Amino acid sequence: MAKKILVLAGKRVGFETLSYLFSIGAPIEHVIIGSRDDVELITLVSEKECSYDFMSSKLQEEYIAENTSYEWILSLWNPAILKSKFLDLGKNKLNLHPSLVPNCRGNDTAAWTIRKGLAAGVSLLDMNEGIDTGGVYTQKEVTYSLVESGKSLFEKLQLELISLFIDSWVDIYNGKIVPKPQKGSVTYHDRKQT
């Protein structure tokens, strides 16, 4: 029996990674789209005849009440903070994060990476109740120059996240890559700090 997957996706990163999952025939049970403005994602999911909803706090509560379990919950550029009871619906969980955690947990990672002179990179994380505190499935360092803008680095990190997910997903799904605890100095930034 195929492992049921619940996907939460948004924007370009969500579109590209979800397109990849559809292309390999991943057993996607349902998709939660980050916003009604994600027209490309809505079109993709509709063309694949996959059921979908739009992310909201109320929707998370509905899922929690239904108590349906999933083998995987994939957060593919999902804009919402997920409640721990929602995460409990997934046996396995994965989040895409545009930094080399534990550096730059939270928001605006490209800007803080440049501002603090940190190594840039991307991480595929297990999800737990903390913000970007789960174990690391895999990471990739990304080079940048000191004169690079935050916007330019952010775009580069998005492309690297898509690539890392495509290169690693099958091995993660099949249990060949498992999450390991984060190591190193922790930095965290929220939108107010930016």
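Everything numeric in this text was worked out from a predicted model, so none of it was measured. Each chain carries its own residue numbering, running from 1 in the direction its sequence is written. Local features in a predicted model are, by the rule used here, given only for residues with pLDDT of at least 70; side-chain atom pairs are given and counted only at 80 or more, and totals for whole chains, interfaces and linings are based on all residues. Side-chain measures were taken over the full set of non-hydrogen atoms in the model, leaving aside hydrogen atoms and water.

Quick word on the overall build of the protein chain
Runs of E in the DSSP output that reach at least two residues are strands. Runs of H or I that reach at least four are helices, and both are numbered from the N terminus. Secondary structure summary: the protein chain contains six helices and nine strands in total. Over its C-alpha trace the protein chain gives a radius of gyration of 16 Å, about what one expects of a compact globule, namely 16 Å for 194 residues. Seen through its principal axes, the protein chain has C-alpha atoms that stretch 45 × 35 × 30 Å. Here the term buried applies to any residue with accessible area under 20% of the maximum for its type, exposed to any over 50%, and partly exposed to those in between, with areas from a 1.4 Å probe on protein chains only. Classification of the 194 residues of the protein chain by burial places 48% in the buried group. We call two residues in contact when some of their heavy atoms are within 4.5 Å. Sequence-distant contacts in the protein chain: of pairs separated by 6 or more residues, those separated by 24 or more amount to 62%. Residue burial considers only the protein chains on display, and all accessible areas are found by Shrake-Rupley using a 1.4 Å probe. As presented, the protein chain carries roughly 9,900 Å² of accessible surface, and 49% of it is formed by carbon and sulfur atoms. Counted as positive: Lys and Arg. Counted as negative: Asp and Glu, with His and the chain ends omitted from the count. To locate a charge, take NZ of a lysine, CZ of an arginine, CG of an aspartate or CD of a glutamate. In the protein chain, which carries 22 positive and 24 negative side-chain charges, the distance between the mean positions of the two groups comes to 5 Å. This radius of gyration counts C-alpha atoms alone. The globule rule is 2.2 Å times how many residues there are, raised to the power 0.38.

A closer look at the packing of aromatic side chains
Between the rings of Phe, Tyr and Trp (Trp by its six-membered ring), a pair exists once the centres lie within 6.5 Å; its type follows the angle of the planes, with under 30 degrees stacked, over 60 edge-to-face, and the other angles tilted. What the rule picks out here adds up to eight aromatic pairs. One aromatic cluster is present, formed by Tyr-20, Trp-72, Tyr-137, Phe-165, Trp-169 and Tyr-173 through successive ring pairs. The rule is short: NZ of Lys or CZ of Arg within 6 Å of the ring centre and within 35 degrees of the ring normal puts a charge over the ring. The ring of Tyr-70 is capped by Lys-4, whose NZ or CZ atom sits 5.3 Å from the centre of that ring.

Some details on the pattern of salt bridges
Between side chains of opposite charge, a pair can form when the charged atoms approach closely. Whenever a carboxyl oxygen of Asp or Glu lies within 4 Å of a side-chain nitrogen of Lys or Arg, that contact is scored as a salt bridge. Considering all chains together, one arrives at four salt bridges under this definition. Across the salt bridge formed by Glu-160 and Lys-140, the nearest N and O atoms sit 2.7 Å from each other. Residue Glu-160 is located in helix α6 (residues 150–173), and its partner Lys-140 is located in strand β8 (residues 136–142); the two are separated by 20 residues in the primary sequence.

Focus: unusual backbone geometry
Trans is the prevailing form of peptide bonds, just as negative phi is the prevailing case for residues other than glycine. Here the residue pair Val-101 and Pro-102 is connected by a cis peptide bond, since its omega of 15 degrees sits within 30 degrees of zero. Within the element layout of this structure, Pro-102 appears in the loop between β5 (90–97) and β6 (105–106). Despite not being glycine, Cys-104 shows a phi value in the positive range, around 55 degrees. As for its position among the elements, Cys-104 is in the loop between β5 and β6. Given a relative accessible area of 2%, Cys-104 falls into the buried group. One non-glycine residue, Asp-132, lies in positive phi territory at about 60 degrees. Note on placement: Asp-132 falls in the loop between β7 (120–125) and β8.

Brief notes about the nonpolar core
Here, the term nonpolar core denotes a set of buried Ala, Val, Leu, Ile, Met, Phe, Trp, Tyr and Cys residues that are joined through side-chain atoms within 4.5 Å. Val-7, Leu-18, Leu-21, Leu-74, Leu-94, Phe-165 and Trp-169 are the most contacted members of the largest nonpolar core, which totals 40 residues. The residues touching Leu-74, leaving out its near neighbours within four places in the chain, are Ile-5, Leu-6, Val-7, Leu-8, Leu-21, Leu-94, Phe-165 and Trp-169. With 14 residues, the next largest nonpolar core counts Leu-8, Ile-32, Ile-73 and Leu-89 among its residues.

Some points on the environment of Glu-71
The topology assignment puts Glu-71 in strand β4 (residues 70–76). Sequence separation between Glu-71 and Leu-6 is 65 residues; the distance between their C-alpha atoms is 8.3 Å. Sequence-distant contacts of Glu-71, that is, excluding residues within four places in its chain, are made with Lys-3, Lys-4, Lys-91 and Asn-92.

Here we look at the environment of Asn-174
Tracing the chain through its elements places Asn-174 in the loop between α6 and β9 (188–189). Under the relative-accessibility criterion, Asn-174 is labelled partly exposed at 43%. With 171 residues separating them in the primary sequence, Asn-174 and Lys-3 have C-alpha atoms 10.0 Å apart.

Side note on the sheet that holds β4
Any two strands are treated as partners once DSSP identifies two or more bridges connecting them. As summarised here, the arrangement of the seven strands in space is β3-β2-β1-β4-β5-β7-β8, forming an open sheet in which the pairing is mixed. Pairing within the sheet leaves two strands with one partner each, and these edge strands are β3 (52–54) and β8. Strand-to-strand twist in this sheet, taken as the mean axis angle between neighbours without regard to direction, amounts to 15 degrees. Axis lines are fitted to C-alpha atoms, over the contacting stretch for helices. Their N-to-C directions set the angle, which ranges from 0 to 180 degrees. Relative to the sheet, helix α1 (residues 11–23) contacts β1 (5–9), β2 (28–33), β4 and β5, its axis offset from that of β4 by approximately 145 degrees. Seen against the sheet, α6 touches β1, β4, β5, β7 and β8 and runs at an angle of roughly 35 degrees to β7.

Thoughts on the side chain of Thr-187
Of note, Thr-187 is situated in the loop between α6 and β9. In contact with Thr-187, not counting residues within four places along its chain, are Pro-102, Asn-103, Cys-104, Arg-105, Lys-116 and Leu-118.

Nothing here speaks to function; it is geometry throughout.
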